[in-house]
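Topology and contacts: notes
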Amino acid sequence: VQLVESGGGLVQAGGSLTLSCAASGRTLSGYSVGWFRQAPAKERDFVAAISWNDGKTYYSDNVQGRFTVSRDNAKSSVYLQMNKLKPVDSAVYYCATSRPPYIGSHYSHEYDYWGQGTQVTVSS
């Protein structure tokens, strides 16, 4: 599976961005697609995930209610709508895939394929 993220950029605090993750190489059926983020000198943290088959979503506590993850089966793409952005949300955002039994996992080591990342910078 090849994953390509896009949609990052610079936004003011309180603003919104939508990230996209386009998958190719195989069907995502049976997988989940997760979003992680990594700020400089920090660990890669779970943000959100979606199960491809049933659309069940998973969120970290610090983005619940502000971010929404969704999928488009026809485009083999997953989106991360980010609202009410804060400077602490600044990071490189990655999408990744996981397989059973790790559907919706919050742990990066349980994901196998990764994109190259897209930078999100939120100014105060």
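Details of the structure are given in the entry above.
A brief report on the enclosed structure follows. Everything numeric in this text was worked out from a predicted model, so none of it was measured. (Residues numbered from 1 in each chain as written. Predicted model: local features only at pLDDT ≥ 70, side-chain atom pairs only at ≥ 80, totals over all residues. Heavy atoms only, no water.)

Thoughts on the environment of Val-69
Turning to its location among the elements, Val-69 is positioned in strand E7 (residues 67-72). Classification of Val-69 as buried rests on a relative accessible area of 4%. Sequence separation between Val-69 and Lys-56 is 13 residues; the distance between their C-alpha atoms is 9.7 Å. (Helix = DSSP H or I, 4+ residues; strand = E, 2+ residues; numbered from the N terminus. Buried < 20%, exposed > 50% of the residue type's maximum accessible area, 1.4 Å probe, protein only.)

Notes on the state of the cysteines
With the rule as written, the count across this model stands at one disulfide. Here Cys-21 pairs with Cys-95 through a disulfide, and the sulfurs are 2.1 Å apart. With the S-S dihedral at roughly 70 degrees, the linkage between Cys-21 and Cys-95 falls on the right-handed side. Of this pair, Cys-21 sits in strand E3 (residues 17-24) while Cys-95 is found in strand E9 (residues 91-98), placing the two residues 74 residues apart along the sequence. Judged by relative accessible area, Cys-21 falls into the buried class, the value being 2%. (Disulfide = S-S within 2.5 Å.)

Comments concerning the pairing of strand E4 (residues 32-38)
Along E4, six of the seven residues are buried, which leaves the element largely enclosed by surrounding structure. Both E4 and strand E5 (residues 45-51) contribute to a ladder of six bridges, which runs antiparallel. Bridging across to E5, Phe-36 finds its partner in Phe-46. In terms of strand pairing, E4 meets E9 through seven bridges, oriented antiparallel. Counterpart to Trp-35 in the pairing with E9 is Cys-95. (Pairing = 2+ DSSP bridges.)

Some words on the packing of aromatic side chains
Enumeration over the complete set of coordinates arrives at five aromatic pairs. The structure contains a cluster of three or more aromatic residues connected by ring pairs, namely Phe-36, Phe-46, Tyr-94, Tyr-111 and Trp-114. Above the face of the Tyr-94 ring, Arg-44 is positioned so that its terminal group lies 3.8 Å from the ring centre. (Phe/Tyr/Trp six-rings, centres within 6.5 Å; stacked < 30°, edge-to-face > 60°. Lys NZ or Arg CZ within 6 Å of the ring centre and 35° of its normal.)

Quick word on the nonpolar core
In terms of nonpolar packing, the biggest core is built from 28 residues, with Trp-35, Leu-80, Met-82 and Tyr-93 touching the most fellow members. The leading source of residues in this core is E3, at four residues. Aside from chain neighbours lying at most four places away, what touches Met-82 is Gly-15, Ser-16, Leu-17, Leu-19, Arg-66, Phe-67, Tyr-93 and Val-120. Residues Phe-36, Phe-46, Ala-49 and Ala-96 belong to the second largest nonpolar core, which totals six residues. (Core = buried A, V, L, I, M, F, W, Y, C linked by side-chain atoms within 4.5 Å. Contact = heavy atoms within 4.5 Å.)

Observations regarding the pattern of salt bridges
Applying the stated criterion across every chain yields a total of three salt bridges. In this structure, the salt-bridge partner of Asp-112 is Arg-99, at a minimum N-O distance of 2.6 Å. Of this pair, Asp-112 sits in the loop between E9 and strand E10 (113-114) while Arg-99 sits in the loop between E9 and E10, and the two are 13 residues apart along the sequence. One salt-bridge network, in which partners are shared between bridges, spans Arg-37, Arg-66 and Asp-89. (Salt bridge = Lys/Arg side-chain N within 4 Å of Asp/Glu carboxyl O.)

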